[in-house]
Amino acid sequence: MEDKKKEKIDRLDESIKKLKKKDFKIYFFIIDTKGAPNGSTQYIYTMAKTLHDLGYNVELLHQDEDFIGVGDWMGEEYASLPHSFIKAENIKVNVRDFFFIPEIFANVMSQTKILPCKRIAISQNLNFISEFIGFGDDWGTYGINKAITTTNEQAKDIKELFPFTEVDVLNPSIPDYFRKTEKPKKLEVVVLTKDQSLFAKIIKQFYWKYPLLKWVVFPDVRGLPKESVAEVLRETEITVWVDDDTYFGYNPIEAIKSGSILIGKVPNVIPEWMYDESGENLNSRGIWFTDLRDVQKIIAQAIFWVMEDRVPEKLTEEMEEMKNLYTHEEYKQNLEKLMGKYIDERINELEDIKDKIK
Amino acid sequence: MDITVIIPIHEYNDTVKQYLTLAIESVKTQQVEPKVISIVSNKEINDQIKKDFSENIKFFNNTGSLKYQDQINFAVSQCKTKYFSILGFDDTYTEIWFKNVEKYITHYPEISVYLPITRIIDINGEDIQMVNELALSYFVEERGIIDRESLEKYQDFSVNGGVFRVDDFLDVGGLKNSIELSFWYEFLLRAVSKSLSIMVIPRIGYKHLFGREGSMAVKYNETMDLEEKLYWIKIATKEAQYTKQRNKGYKYIPKEKK
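Residues numbered from 1 in each chain as written. Chains lettered and ligands numbered in written order. Predicted model: local features only at pLDDT ≥ 70, side-chain atom pairs only at ≥ 80, totals over all residues. Heavy atoms only, no water.

A. Fine view of the packing of helix α8 (residues 196-209) of chain A against helix α11 (residues 295-307) of chain A. Residues and elements named next belong to chain A. Running from amino to carboxyl end, α8 crosses α11 at an angle of 65°, the nearest separation of the two axes being 9 Å. Taken together, the axes of α8 and α11 lie roughly perpendicular to each other. Considering the relative orientation of α8 and α11, their crossing is right-handed. Of α11, the residues touching α8 (which contributes Lys201, Ile202, Gln205, Phe206 and Lys209) are Val295, Gln296, Ile299, Ala300 and Ile303. When the residues that make up the contact of α8 with α11 are grouped by side-chain class, the tally is six nonpolar, two polar and two charged. (Axes fitted to C-alpha atoms, helices over the stretch in contact; angles between N-to-C directions. Helix = DSSP H or I, 4+ residues; strand = E, 2+ residues; numbered from the N terminus. Parallel < 35°, antiparallel > 145°, perpendicular 65-115°, else oblique. Left-handed = near helix turned anticlockwise from the far one by under 90°. Contact = heavy atoms within 4.5 Å. Nonpolar A, V, L, I, M, F, W, Y, C, P; charged D, E, K, R; others polar.)

B. Structural view of the environment of A:Asp355. Along the polypeptide, A:Asp355 turns up in helix α13 (residues 328-357). As a C-alpha pair, A:Asp355 and A:Ile9 span 346 residues in sequence and 8.8 Å in three-dimensional space.

C. A look at the pairing of strand β7 (residues 166-169) of chain A. Residue and element names in this part refer to chain A. Across four bridges, the pairing between strand β6 (residues 146-149) and β7 is parallel. Residue Ile148 lies in a different strand from β7, and its bridge partner there is Asp168. Read from β6 through helix α7 (residues 152-161) to β7, the crossover connection turns out right-handed. (Pairing = 2+ DSSP bridges. Right-handed = clockwise from strand over helix to strand, strands pointing away.)

D. Broad picture of unusual backbone geometry. Residues and elements named next belong to chain B. You will see that Asn132, though not glycine, has its phi angle at about 80°, which is positive. With a phi angle near 65°, Ser195 is a residue other than glycine that sits in the positive phi range. Looking at where Ser195 falls in the secondary structure, it is placed in the loop between α7 (183-193) and β10 (198-209). Ser195 gets classed as exposed once you look at its relative accessible area, which sits at 64%. (Buried < 20%, exposed > 50% of the residue type's maximum accessible area, 1.4 Å probe, protein only.)

E. Representation of the interface of chain A and chain B in the model. Taken together, the contacts link 18 residues of chain A with 17 residues of chain B. For the pair chain A and chain B, the summed buried surface comes to about 1600 Å²; carbon and sulfur atoms form 61% of the total. One salt bridge in this structure joins B:Arg143 and A:Glu188, with 2.4 Å as the shortest N-O distance. Linking chain A with chain B are eight residue pairs in polar contact (both at pLDDT 80 or more). Those elements that provide at least two residues to the side of chain A that touches chain B are β8 (186-193) and α11 of chain A. It is α11(A) that provides the largest number of residues to the side of chain A that touches chain B, a total of three residues. Class assignment for the residues of the side of chain A that touches chain B results in 11 nonpolar, no polar and seven charged. (Buried area = accessible area lost by both parts, 1.4 Å probe. Salt bridge = Lys/Arg side-chain N within 4 Å of Asp/Glu carboxyl O. Polar contact = N/O pair within 3.5 Å; in protein donor to acceptor, adjacent residues only side chain to side chain.)

Right under this line is the structure:
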């Protein structure tokens, strides 16, 4: 009996030692978007890559035999991170490992309940939590008591649903290649929306309503790799963005950081960065609208602003503020701190287990 | 900015004076001012103009023909600046024009001609149309650049208010006075065939008055039918192969007279 106790304590000591030396694995469960750019996937890959760059051993797990990955739209440096095809019930982990599970994988949360590693949920869209979880279940049922989310607003919402869950906020980072250039931009308009029919509707109706502006070009960035999108945004004067369901809004931030005037529909849940200092009113980082019928008029107005060199100063000044928000440098520091906290907490948990064994 | 604004005048009276006041004002209120504002005409007319406008204006005394093409060729040959721009006495620049040209020269110094988007207005100041915006669309291969192919498809790009590199204008051979109506079109064709680059800046830089009694445009509209206009375009296309004027003495003869 004593030998068994000693063996357990020695193993725990070994794990604690390895935790302190970063000698453990960090797993991320991911879905294959089949080459389609996706903000949620981008968030997870950014986290994995940054941890990898910080010296951690990361591995991305998926359940897709025909896995395509993110090479085409995020680039080779992300696609070349270690990946494994594995069924959730076959995952082999250690007590010192960490396993990050997106909120849509309630089934994986359930199947991995008995794993000895530390499991942490990643939640980026509240809608996905309730969509895939079984009736009568909650995260507690699956032993999930820690989560990471992207905004303070979402953290509040998660705490309301699962009060027992400790939620950390890790704001996403926007890649550095979304940046302005001093070179003059083309007077063109990019439309960013997931809804394909809306994309066509916005443009066609613009040409019908404003035949005088039928020369205006709307470059199509759908399906392009992120760096190519960044290049187009850098060259383009105006970007239109419509996404009612987003919680964070990667696209509009990317456009603003690229110096493109943003015309954005206010989403159902308003991202934090869209508010001014009071936290109650929308700021002037973009031209915001709520009724889709207004968008063509606003596009035309923005075009004439540019042609006549009278883009409001308030707009350009507030756009400039975005330069220093959601930078990768800040993100890296925050993630390093967060991971450090998780490691310390895990060490404490293992110490507690050791004490209980003694 | 190292540019000469050239205002060609072939007659002077109260009406011209009225419009000229606004034209010169539009130069003086530029956010980036040109180095030289000049008026080109014969000495007699220049002397009359000097009585009303003398402050900071250079006068080019043209001893030759007052035909528009000859006026321009003469004035450009007198320019000491790197660039020039032609301002119709009854037109105006918008105040942002030279500021934007300067910005584009910084980033695209290889361009020989920078054209604005022009608002064409009537005598009441009401908008008729915009011109040159076509060069910003899918109409051209490289958006913003007017090339030979787009000139062959479309003959009405406007050079009003455009900023030209003096050396390139002279190297191309200037304007030809044997061509009526389409002499600027012919120049542009000749320029692109010599690999000069022509860029349209997406800024409204110029307001062109259309419909003033006695203007060249009104004269052409009133006296030329479609057949004659097509004739001059054909001549322009033919002559654009030659740098020097061939003094062919082109003249349109209506079909029934042939």
